[in-house]
Amino acid sequence: TQLLEQSPQFLSIQEGENLTVYCNSSSVFSSLQWYRQEPGEGPVLLVTVVTGGEVKKLKRLTFQFGDARKDSSLHITAAQPGDTGLYLCAGSPPDGQNFVFGPGTRLSVLP
Amino acid sequence: ETGVTQSPTHLIKTRGQQVTLRCSSQSGHNTVSWYQQALGQGPQFIFQYYREEENGRGNFPPRFSGLQFPNYSSELNVNALELDDSALYLCASSLDGRYTGELFFGEGSRLTVL
């Protein structure tokens, strides 16, 4: 069974600060997705990365897929209270089986 | 708003009872996946239905069963409820049974087992 670990588990920062959260595995994934989940709602897809070393930017969010396709990072610049939520990474194993989700990083951005 | 609707949104059951959760997939989607999300954890894959057939199953016992209808809506049934079944149950719709595309999640059904 392929597992994903995320760190940190919890993060509380002030508005305007930068932060990076990590998603790590000992296994290779065909692709990796990042979702954000707000309280009382289902996860919403932010990005999909497919190629090792790929970097994608979504406004103030920068996503990177590791060269070996075993890890990923999400960097947020100048965090805002609207960024508060649970950030989940989900990997697609090479054998085509179901997505594996990490436990998430719970981010709180204080005004 | 993903277009995926789940019902009920909240429910309370007692140990040993049975529960049925429902999901309407996004228009045009023929695949529904069900996930269990315990408090403080990421979603765990239960199973997927593609064109009315089970198309993959996670590490859940047989008392978790499902169904997909011709209109691609789906049900999740859990028999002989246990306390550990308390969780948020998420339904996600997608296209063509693939595991690489975007999952569109509903808001979930929060089940509490007493």
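This structure is a prediction, so every number in the text was calculated from the model and none was measured. (Residues numbered from 1 in each chain as written. Chains lettered and ligands numbered in written order. Predicted model: local features only at pLDDT ≥ 70, side-chain atom pairs only at ≥ 80, totals over all residues. Heavy atoms only, no water.)

Chemist: Hey, could you run me through the state of the cysteines in this one?
Modeler: Where two cysteines share a covalent bond between their sulfur atoms, that bond is called a disulfide. The tally for this structure, following the rule as stated, stands at two disulfides over all chains. Note that A:Cys23 is cross-linked by a disulfide to A:Cys89, the S-S spacing being 2.1 Å. Sign of the S-S torsion, about 80° for the bond between A:Cys23 and A:Cys89, identifies this disulfide as right-handed. Note that A:Cys23 is positioned in strand E3 (residues 19-24) and A:Cys89 in strand E9 (residues 85-92), a separation of 66 residues in sequence. Residue A:Cys23 is classed as buried on the basis of its relative accessible area of 0%. Look at A:Cys89 and you get buried, because its relative accessible area is 0%. One disulfide bridge connects B:Cys23 with B:Cys91, the sulfur atoms lying 1.7 Å from each other. Measuring the twist about the S-S bond at about -50°, one finds the B:Cys23-B:Cys91 disulfide to be left-handed. (Disulfide = S-S within 2.5 Å. Helix = DSSP H or I, 4+ residues; strand = E, 2+ residues; numbered from the N terminus. Buried < 20%, exposed > 50% of the residue type's maximum accessible area, 1.4 Å probe, protein only.)

Chemist: I would appreciate a short explanation of the sheet that holds strand E6 (residues 55-58) of chain A in the present structure.
Modeler: Sheet strands line up and pair through hydrogen bonds in the backbone, either parallel or antiparallel. All names here are of chain A. Strand order in this open sheet of five strands is E1-E3-E8-E7-E6, and the pairing throughout is antiparallel. Of all strands in the sheet, those with a lone pairing partner are strand E1 (5-7) and E6, marking the two edges. Each strand axis lies, on average, 15° off the axis of its neighbour in the sheet, ignoring direction. (Pairing = 2+ DSSP bridges. Axes fitted to C-alpha atoms, helices over the stretch in contact; angles between N-to-C directions.)

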